[in-house]
Structure formats: C-alpha cells, structure tokens
2 protein chains.
Amino acid sequence: MKSLDDLFLHFLQDIYYAERQLLKALPKMAKNAQEAALKDAFTVHRDETVEQIERLEQVFEYLGKRPKGVPCGAIKGLIEETEEVLADSDVGAVRDAGLVACGQAVEHYEMARYGALIAWAHAGGHTGVVSLLQQTLDEEKKADKLLNDLAVKHINSSAAALAKAA
Amino acid sequence: MKSLDDLFLHFLQDIYYAERQLLKALPKMAKNAQEAALKDAFTVHRDETVEQIERLEQVFEYLGKRPKGVPCGAIKGLIEETEEVLADSDVGAVRDAGLVACGQAVEHYEMARYGALIAWAHAGGHTGVVSLLQQTLDEEKKADKLLNDLAVKHINSSAAALAKAA
C-alpha cells in the first residue's frame, strides 16, 4: 500500500467482504431473536445490507476495479461472538440482549470503516463516491440507534426481570 | 448464559481480554507511526488502557469474581488487520492513515462493548459500577475523536499528496 488510493481500495475490499458475511449472519440473528421488534430490526437491516453491497459495487465501478472482497478478521470475530451467544443461551430476553450487543458491535465496526473511507474519499478527491458511502454510514448509525433503543426501552429490563423471577 | 448477570460477566471477561491484548498492540502502533502526534496519541492511550484494566478489575471485585479474560475473536481480528497494514506499507503518511483507521475501529469496538455493559449495569441494578465503566467509555470516545482529528487535519492530506508527488 503505497498510496491513499491503495489504502482506500484495501479497506473497500475489506468492508465488501464484511457486508457479504453479514448478509448471511443477519437472517440467523433474526431467526434466533425472540422479540418481534428485534427480529424486524435484523430483517430490515439485512435488506439494507443488500443495497449497501450494491453501493459498494458502484464505488468499485467508479474506481475502475472489479468488486472483490478480502477476508476480514474483525467481522469473522464479530460473527463468531454472535455464534457464541447463540450457543450459550436459550431463546428469550437474555439471548436478545446479547444479540443486540453483538449487532451494535457490528454496526460500530462498520461506522469506523465507512467513516475512514469517506475521509479518504474527500482527501483523495473522489468526491463522486462520498454520498454513496455517507448514505450507508447514516443507515449504520440508524441501525445502531434502533438496537440501542430496543435494549434500553424493553429488552434489558425483561432480561433483568427474568433473573429476579428465577 | 441464563441471566443478564451471566451476560454481563461474559462481556466483561471479553473486554478484559481485549484491553490486555491492546496493551501489547498499542506500543507497536506507536513505534510504527511516523507522525509525532499520532505516536503520542497511541502512547497516551496505552497509558489510559492500564487504568481501564484496573477499572475492569474493580468491576470484577464488585461482582465478587476473579478477573479473567475470555478469548475475543473481534479484537484478535482487529489487531490482525493492524498487522496487515504494517506488513503491507512502509513508514509514512499512508501507513499512518491506515493505523488511524485501525485504531478507530478498535475504539468503536470498545465503545459498543462499554455501552452495552453500562446499559446492563443500569438494568441489573449494579449502579455502583456505572461510573467506572462510563469513565472508560468517555476515554474511548475521546481517543476516537483525537484519531479522527489527526487524520482529517493532517495525515490524510499528507497521504494524498504523496500520490500526487509520485
């Protein structure tokens, strides 16, 4: 990586890989959530992810590159943690609280990646792709906020009440 | 994980492991940064990490548990990505821009974790540990903002200028 453009391309390939992994992980998260609103949140975000992947393909096209992912250890680790929560919990509010936390960690990872790509697009003069990346960043922030609201308003207190009832 | 407390303990062990891995990674990031302000940012954050680990140990103590980490795939992946940037770049502004992005991804991961722990501490009635966790969350946010400011003000444009000069 000798230039900012090399770095941009590498991290673009990294998030392209990550989004495609998420496309497979989100339906599993939706399926295993108990709370209807949480199922919906994961399902809606799965559909957004399809569009986010298409936007990334438009960025590749802008750069004159073929869309390609590079394996990304971070997303693998984040999905692995989600699998652990599913393996170690039963259906219910505690699992839901864990799924929210895993989902928020993924959203935060994506926010960091899109934030860097946007800053580099500005610095490198690729202003033509800024709005595509910004649109996705806004969706990731919204998804994070929705998960947070579900946890704070409902899921965490239900999980805490379970312990008191036990 | 049958209760919110089980979930809290698991994620506490996860972030304890992560912080201890970071304690080893941050000096390497500081050493390989070119820009003095970036070196400083990583070094200062390494020192903060020492205190953050101590705070986590206080949370374990509050819970009556021995401090213990559980391997965390996400932080392993995030550190792996930092190693890749170092392996694939030479000393200079492009590497610095990559290190900033890796550092911000780590900060975002930590923000998500501490955010969840704080919400669960509130819901579970462990208000005694909220301020300890909040103090660390505030530091992670500050560290992320500092990295962002360094990139936007200086590092990214230096990296972009390199390409134009080449």
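Higher on the page you've got the structure.
Looking at this structure, how should I read the relation of the copies chain B and chain A?
Each of the two chain copies goes to the other by way of a rotation about an axis and a shift along it. Expressed as a screw transformation, the operator carrying chain B onto chain A has a rotation angle of 180 degrees and an axial translation of 0.0 Å, and the superposed copies differ by an RMSD of 0.0 Å. Both chain copies can therefore be described as sitting about a two-fold axis. Comparing contact sets, 100% of the residues at the interface of chain B also lie at the interface in chain A, consistent with an isologous, same-surface contact.

Honestly, the interface of chain B and chain A in this entry has me stumped. Any pointers?
Note on interface size: it is often stated as the accessible area lost on association of the parts. Contact residues are listed per partner, giving 43 residues for chain B and 43 residues for chain A. At the boundary of chain B and chain A, one finds four salt bridges. With a shortest N-O distance of 2.3 Å, Glu81(A) and Arg113(B) are connected by a salt bridge. Linking chain B to chain A there are eleven residue pairs in polar contact (both at pLDDT 80 or more). Looking at the side of chain B that touches chain A, the elements that each hand over two or more residues are helix H1 (4-32), helix H3 (73-87), helix H4 (93-123) and helix H5 (130-165) of chain B. Of the residues in the side of chain B that touches chain A, the class split is 23 nonpolar, eleven polar and nine charged.

How do you make sense of the layout of surface pockets when you look at a structure like this?
Regions of empty space are outlined by a rolling probe, equal in size to a water molecule, passed over the atoms. The space that makes up the largest pocket amounts to roughly 390 Å³. Taken together, 20 residues make up the lining of the largest pocket; nearest its centre are Met111(A), Gly115(A), Leu137(A), Gln104(B) and Asn148(B). For the lining of the largest pocket, the elements supplying multiple residues, two or more each, are helix H4 (93-123) and helix H5 (130-165) of chain A together with H4 and H5 of chain B. The dominant element in the lining of the largest pocket, judged by the number of residues it contributes, is H4(A), at nine residues. Residues belonging to the lining of the largest pocket are distributed by class as follows: ten nonpolar, eight polar and two charged.

Just checking my understanding: could you explain the nonpolar core for this structure?
Where a protein is soluble and globular, its nonpolar side chains tend to be buried together. Core analysis: the biggest nonpolar cluster contains 120 residues, and Ile75(A), Trp120(A), Ile75(B) and Trp120(B) have the highest contact counts within it. What Ile75(A) contacts, discounting residues up to four positions off in sequence, is Tyr17(A), Ala18(A), Gln21(A), Leu22(A), Val106(A) and Tyr109(A).

I would appreciate a short explanation of H4(A) in the present structure.
What sets the pattern is the α-helix's 3.6 residues per turn: residues three or four places apart point alike. Residues and elements named next belong to chain A. With 31 residues, H4 should reach 45 Å at 1.5 Å per residue; the first-to-last C-alpha distance of 45 Å fits that figure. The buried fraction of H4 amounts to 28 of the 31 residues, a majority that puts the element mostly inside the structure. Gly125 lies just past H4 and shows a positive phi near 80 degrees.

I'm lost on the packing of aromatic side chains in this one. Help?
Centre distance and the angle of the planes are the two values used to describe a pair of aromatic rings. Residues and elements named next belong to chain A. Applying the stated criterion to the full structure yields four aromatic pairs over all chains. Residues Tyr16 and Phe60 carry aromatic rings whose centres are separated by 5.2 Å and whose planes lie at 75 degrees to one another, so their mutual orientation is edge-to-face. Placement of the pair is Tyr16 in helix H1 (residues 4-32) and Phe60 in helix H2 (residues 36-63), with a sequence separation of 44 residues. Summarising the burial analysis for this pair, Tyr16 and Phe60 share the class buried.

It is not clear to me how the environment of Lys145(A) should be interpreted in this structure. Could you clarify?
Structurally, Lys145(A) is set in helix H5. At 2.8 Å, the side chain of Lys145(A) and the side chain of Asp149(A) are in polar contact.

Sorry if this is basic, but what is going on with H1(A) here?
Taking 1.5 Å per residue as the helical rise, H1(A) with its 29 residues ought to reach 42 Å, and the 41 Å between its terminal C-alpha atoms agrees with that figure. The largest bend in H1(A) comes to about 30 degrees, at Leu23(A), with the proline Pro27(A) one to four residues further on.

When you look at the pattern of salt bridges in this model, what are you seeing that I'm missing?
Residues and elements named next belong to chain A. Evaluated as defined, the whole model comprises 16 salt bridges over all chains. Glu83 is paired through a salt bridge with Lys28; the nearest N and O atoms lie 2.9 Å apart. Residue Glu83 is located in helix H3 (residues 73-88), and its partner Lys28 is located in helix H1; the two are separated by 55 residues in the primary sequence. Looking at Glu83, the relative accessible area reads 34%, which means it is partly exposed. The partner of Lys145 in a salt bridge is Asp149, with the nearest N and O atoms 2.8 Å apart. Of this pair, Lys145 and Asp149 both sit in helix H5, four residues apart, which is roughly one turn of that helix. For Asp149, a relative accessible area of 25% puts it in the partly exposed group.

Hey, could you run me through the packing of H4(A) against H1(B) in this one?
Helix packing for two helices is described by the angle between their axes and how far apart those axes are. Packing of H4(A) against H1(B) leaves a shortest axis separation of 9 Å and a crossing angle of 30 degrees. For the element pair H4(A) / H1(B), the angle class is roughly parallel. Remark: the crossing between H4(A) and H1(B) carries right-handed chirality. Contacts between H4(A) and H1(B) involve Val94(A), Ala97(A), Gly98(A), Ala101(A) and Cys102(A) on the former and, on the latter, Leu4(B), Leu7(B) and Phe11(B). The residue makeup of the contact of H4(A) with H1(B), split by class, is seven nonpolar, one polar and no charged.

So, how was this worked out
Residues numbered from 1 in each chain as written. Chains lettered and ligands numbered in written order. Predicted model: local features only at pLDDT ≥ 70, side-chain atom pairs only at ≥ 80, totals over all residues. Heavy atoms only, no water. Least-squares fit on C-alpha atoms with pLDDT ≥ 70 in both. Contact = heavy atoms within 4.5 Å. Salt bridge = Lys/Arg side-chain N within 4 Å of Asp/Glu carboxyl O. Polar contact = N/O pair within 3.5 Å; in protein donor to acceptor, adjacent residues only side chain to side chain. Helix = DSSP H or I, 4+ residues; strand = E, 2+ residues; numbered from the N terminus. Nonpolar A, V, L, I, M, F, W, Y, C, P; charged D, E, K, R; others polar. 1 Å grid on protein atoms, 1.4 Å probe; cavity = no way out; pocket = protein on both sides within 12 Å on 5 of 7 lines; lining within 4 Å. Points joined across faces, edges and corners; volume = space filled by probe spheres on them. Core = buried A, V, L, I, M, F, W, Y, C linked by side-chain atoms within 4.5 Å. Buried < 20%, exposed > 50% of the residue type's maximum accessible area, 1.4 Å probe, protein only. Expected span 1.5 Å × (residues − 1). Phe/Tyr/Trp six-rings, centres within 6.5 Å; stacked < 30°, edge-to-face > 60°. Bend = angle between axes of the 7 residues up to and from the residue. Axes fitted to C-alpha atoms, helices over the stretch in contact; angles between N-to-C directions. Parallel < 35°, antiparallel > 145°, perpendicular 65-115°, else oblique. Left-handed = near helix turned anticlockwise from the far one by under 90°.

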